[in-house]
Amino acid sequence: MREINIRDIKENAVSLIADGWGLVTAGNAEKFNTMTVSWGGVGEIWGKDVVFIFIRPQRYTYEFLEKEEFFTLSFYGDEYKDALKICGSKSGRDIDKAAATGLTPLFTDDTVTFKQAKYTLVCRKMASQFIDPKG
């Protein structure tokens, strides 16, 4: 893994999240969970590079996001489509997603990503808030 500045990623950020194959992962070497990510964005606010994601509180990954200071967004090539489908359709409460998919956990910067990722954004949680979409 080689560190680069987020601004050096030449792929379209909207496409990476909306059309690409991505995971949001949170936890630590003892216990973590991952799930597909498709709602969110990358941008800049008040001179800071930021990402934002939306995760329902019922999701197992949400528990890890609430507990940990860091999380990752990681993006993959099409060859990992089947692995990511498992991560988006099965609960980490029921299966070991790394074992089920063959993805190799990589522990870095107090969080988790996977060795197969094309890009990994290591993110520090700034705020989280539950917003009920029904009002």
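Just above sits the structure.
A. Expanded view of the nonpolar core. In this structure, Val24, Ile53, Ile55, Leu65, Phe71, Leu73 and Phe75 are the most contacted members of the largest nonpolar core, which totals 19 residues. Mapped onto this core, the elements with two or more residues apiece are α1 (13-18), β1 (21-27), α2 (60-67), β5 (70-76) and β8 (119-124). The greatest single-element share of this core, amounting to four residues, is contributed by α2. By size, the runner-up hydrophobic cluster in this structure holds nine residues, among which are Ala83, Ala98, Leu103 and Phe114.

B. Structural detail: the side chain of Ser74. By secondary structure assignment, the location of Ser74 is in strand β5. You can call Ser74 buried: its relative accessible area is 0%. If we skip the residues at most four places from it in the chain, Ser74 touches Trp21, Gly22, Leu23, Thr113, Ala117, Tyr119 and Thr120.

C. Broad picture of unusual backbone geometry. One non-glycine residue, Trp46, lies in the positive phi region at around 50°. As for its placement among the helices and strands, Trp46 is situated in the loop between β3 (40-45) and β4 (48-53). Judged by its relative accessible area of 83%, Trp46 falls in the exposed class.

Procedures and definitions
- Residues numbered from 1 in each chain as written.
- Predicted model: local features only at pLDDT ≥ 70, side-chain atom pairs only at ≥ 80, totals over all residues.
- Heavy atoms only, no water.
- Core = buried A, V, L, I, M, F, W, Y, C linked by side-chain atoms within 4.5 Å.
- Buried < 20%, exposed > 50% of the residue type's maximum accessible area, 1.4 Å probe, protein only.
- Helix = DSSP H or I, 4+ residues; strand = E, 2+ residues; numbered from the N terminus.
- Contact = heavy atoms within 4.5 Å.

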